[in-house]
Amino acid sequence: MTFTATSVDQNTIRRRGTGLKAYNPEKAFKGYTLFTPLTGQGEVYLLNLEGEVVHQWNLPYPPGLYGYLLPNGNLFYNGKTPPEESLRFALWAAFKSGVVLEADPKGNIIWEYKHPDHHHDGRRLANGNTILLAIEKIPQSLVKSIKGGVPGTEPDGDIYADVLYEVTPAGEIVWTWHAHEYLDPDIFTITPQDHRHEWTHGNTVGELADGNIIVSFRNISTVVIVDRKTGEIIWTLGDDVLAQQHFPNELANGT
């Protein structure tokens, strides 16, 4: 089906449904869309602008939650292992991952790493290692200092926060960053509607052009940049601007 600029219906209710609904070739960014159904079993599709599937992977894990095309054409995929393998609290099963992998265009897995506390996101770094989001319990001495959230919703009196792991191709953890060591509980408050099983709830992690790490923390409506050498937070965009954001990206101009 071919669309012209005049045929794109601007009414989103009439555009509901599945399949290609609108396409203005003069204004659409030329490229492809990488897509996986959130409730699928590991089917990943590469779509062109005409809505056609030009490539498909069938992976052994459901999505959990992000995937990326690597410069070599392979797929980097965050997958979900069974929740009963690492049940942390009631909502953990909704966003846990558990495995990161690299698959070639034929779907052959050429690298895989599992961690029971991995969730949401992991990325391939410029040095060939992989960085991933995971959770850990914060020290009990810090729990009462965490503000916000729904009172009394800590699982067994605990609160979890994010930890970053850098993993080599051989599966060795060579760098670790603990959110609770660098975030001030007097400043970073859990949004009032969220349960207190987590303080930070990271949803994406990425590497910037300068090698530093950018992390999005949903539960405190904050994005931070972490200095790779010192671990210090060198830039923050907080809840005076953001509200439960996802997926910050560096643009080509460095902003």
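Residues numbered from 1 in each chain as written. Predicted model: local features only at pLDDT ≥ 70, side-chain atom pairs only at ≥ 80, totals over all residues. Heavy atoms only, no water.

### Points about the pairing of strand β11 (residues 160–167)
Moving residue by residue along a regular strand, the side chains alternate between the two faces of the sheet. Among the eight residues that make up β11, eight are buried, leaving the element largely enclosed by the rest of the structure. Here strand β9 (residues 130–137) pairs with β11 via eight bridges, running antiparallel. Paired with Ile131 across the strands is Glu166, a residue of β11. Inspection of the sheet shows β11 paired to strand β12 (residues 173–178) by five bridges, in the antiparallel sense. What sits directly across from Tyr165, in β12, is Thr176. (Buried < 20%, exposed > 50% of the residue type's maximum accessible area, 1.4 Å probe, protein only. Helix = DSSP H or I, 4+ residues; strand = E, 2+ residues; numbered from the N terminus. Pairing = 2+ DSSP bridges.)

### With respect to the pairing of strand β3 (residues 53–58)
Alignment of strand β2 (residues 43–47) against β3, held across five bridges, turns out to be antiparallel. By the bridge assignment, Leu47 is partnered in β3 with Val53. Between the antiparallel neighbours β2 and β3 lie five residues, among them Gly51 with a positive phi of about 80°.

### As for the sheet that holds strand β1 (residues 33–35)
Ordered by their spatial adjacency, three strands build an open sheet running β1-β2-β3, and the pairing between neighbours is antiparallel. The strands lining the two open edges of the sheet, one partner per strand, are β1 and β3. Shown here is a sheet whose adjacent strand axes are inclined to one another by a mean of 15°, direction ignored. (Axes fitted to C-alpha atoms, helices over the stretch in contact; angles between N-to-C directions.)

### Brief notes about the nonpolar core
Membership of the largest hydrophobic core comes to 24 residues, with the highest contact counts inside it found for Leu164, Trp199, Ile213, Val215 and Phe217. Looking at this core element by element, the count peaks at three residues for strand β15 (residues 213–217). Excluding its chain neighbours within four sequence positions, the residues that come into contact with Phe217 are Asp162, Trp177, Ala179, Leu183, Thr200, His201, Gly202, Thr222, Val224 and Gln245. Membership of the second largest hydrophobic core comes to 11 residues, among which are Val100, Tyr113, Val163 and Tyr165. (Core = buried A, V, L, I, M, F, W, Y, C linked by side-chain atoms within 4.5 Å. Contact = heavy atoms within 4.5 Å.)

### Considerations on the pattern of salt bridges
Any two side chains of opposite charge can pair, on the condition that their charged atoms come close. Within this structure, the stated rule accounts for nine salt bridges. Between Asp117 and Arg88 there is a salt bridge whose closest N-O contact spans 2.7 Å. Highlighted residues: Asp117 in the loop between β7 (109–114) and β8 (118–124) and Arg88 in the loop between β5 (75–80) and α1 (92–95), separated in sequence by 29 residues. Between Arg218 and Asp194 there is a salt bridge, and its shortest N-O distance comes to 3.3 Å. Highlighted residues: Arg218 in the loop between β15 and β16 (222–226) and Asp194 in strand β13 (residues 190–195), separated in sequence by 24 residues. (Salt bridge = Lys/Arg side-chain N within 4 Å of Asp/Glu carboxyl O.)

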